[in-house]
Amino acid sequence: MASGWANDDAVNEQINSTIEDAVARARGELPHGESLHECEECGEPIPEARRKAIPGVRLCIACQQNKDSKNKTHAGYNRRGSKDSQLR
């Protein structure tokens, strides 16, 4: 019986795929290799404490915050099932 709605397995598969893609993207953005002593964006020195805390760091705090704010993604809908999300 076709009702036009995806079955639960298809929905779960889509959610899992979305999560796997997000995890893969996040892992790909993790720093690796040797930490830089100067920010590759602005050239400012990267403090030793930051280099020790984040092995492979390539950006100073200000440039990292700027990059993070540009890379923010928002889900198109609320998966928690709040009443507000159901009304949209």
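Scroll up a little and you will see the structure.
Described below are features of the structure shown in this document. Since the structure is predicted, the reported quantities are computational estimates derived from the model, not experimental observations.

What counts as what
Along each chain, residues carry numbers from 1 onward, in the same order as the chain's sequence is written. pLDDT decides what is reported in this predicted model: residues at 70 or higher carry local features, side-chain atom pairs at 80 or more are listed and counted, and totals for whole chains, interfaces and linings draw on all residues regardless. The basis for every side-chain value is the complete set of heavy atoms in the structure, and neither hydrogens nor water enter the calculation. Under the DSSP-based scheme used, a helix requires at least four consecutive residues in state H or I and a strand at least two consecutive residues in state E, with every element numbered from the N terminus. Relative accessible area decides the class of each residue, using a 1.4 Å probe on protein chains only: under 20% of the type maximum gives buried, over 50% gives exposed, and in between gives partly exposed. We call a set of buried residues a nonpolar core when its members are Ala, Val, Leu, Ile, Met, Phe, Trp, Tyr or Cys and they connect through side-chain atoms within 4.5 Å of each other. The criterion used for residue contact is that any of the two residues' heavy atoms lie within 4.5 Å. For this document, the term salt bridge refers to a Lys or Arg side-chain nitrogen within 4 Å of an Asp or Glu carboxyl oxygen. Under this rule, positive means Lys or Arg and negative means Asp or Glu; His and the chain ends count for nothing. Polar contact is the term for a pair of N or O atoms within 3.5 Å; when the atoms are in protein, one must be able to donate a hydrogen and the other to accept it, and sequence-neighboring residues count only if both atoms are side-chain atoms.

1. Describing the overall build of the chain
Next up, step 1: Helix and strand counts for the chain stand at four helices and zero strands.
Next up, step 2: Reading the secondary structure of the chain in the N-to-C direction produces α-α-α-α.
Next up, step 3: Counting only residues that meet the buried cut, the chain has 12% of its 88 residues in that class.

2. Describing the nonpolar core
Next up, step 1: Ranked by size, the top nonpolar core spans six residues in total: C39, I46, V57, L59, C60 and C63.
Next up, step 2: In this view, C60 contacts C39, C42, I46 and R50; residues no more than four positions away in its chain are not counted.

3. Points about the pattern of salt bridges
A pair can form between side chains of opposite charge whenever their charged atoms are brought close.
Next up, step 1: Under the counting rule described, the total for this entry stands at two salt bridges.
Next up, step 2: Between R58 and E40 there is a salt bridge, and its shortest N-O distance comes to 3.2 Å. A residue pair is termed long-range when its members are at least 10 positions apart, and R58 in the loop between α2 (48-53) and α3 (61-71) and E40 in the loop between α1 (8-29) and α2 qualify at 18 residues.
Next up, step 3: For R58, a relative accessible area of 34% puts it in the partly exposed group.
Next up, step 4: Residue E48 is joined to K52 by a salt bridge in which the shortest nitrogen-to-oxygen separation is 3.1 Å. Here the residue E48 and the residue K52 both occupy positions in helix α2, the gap between them amounting to four residues, near one helical turn.

4. Describing the side chain of R50
Next up, step 1: Relative to the elements of secondary structure, R50 occurs in helix α2.
Next up, step 2: Although R50 lies buried, it forms no salt bridge, and the closest oppositely charged side chain, D68, sits 7.1 Å away as judged by the N-O distance.
Next up, step 3: Reaching out from R50, the side chain makes a polar contact with the backbone oxygen of L59 at a distance of 3.0 Å.

5. Observations regarding the environment of H37
Next up, step 1: On the secondary structure map, H37 appears in the loop between α1 and α2.
Next up, step 2: Between the alpha carbons of H37 and L59 there is a distance of 9.2 Å; along the sequence they are 22 residues apart.
Next up, step 3: Not counting residues up to four positions away in its chain, the partners in contact with H37 are E44, P45, I46 and R51.
Next up, step 4: A polar side-chain atom of H37 sits 3.5 Å from a polar atom in the side chain of R51.

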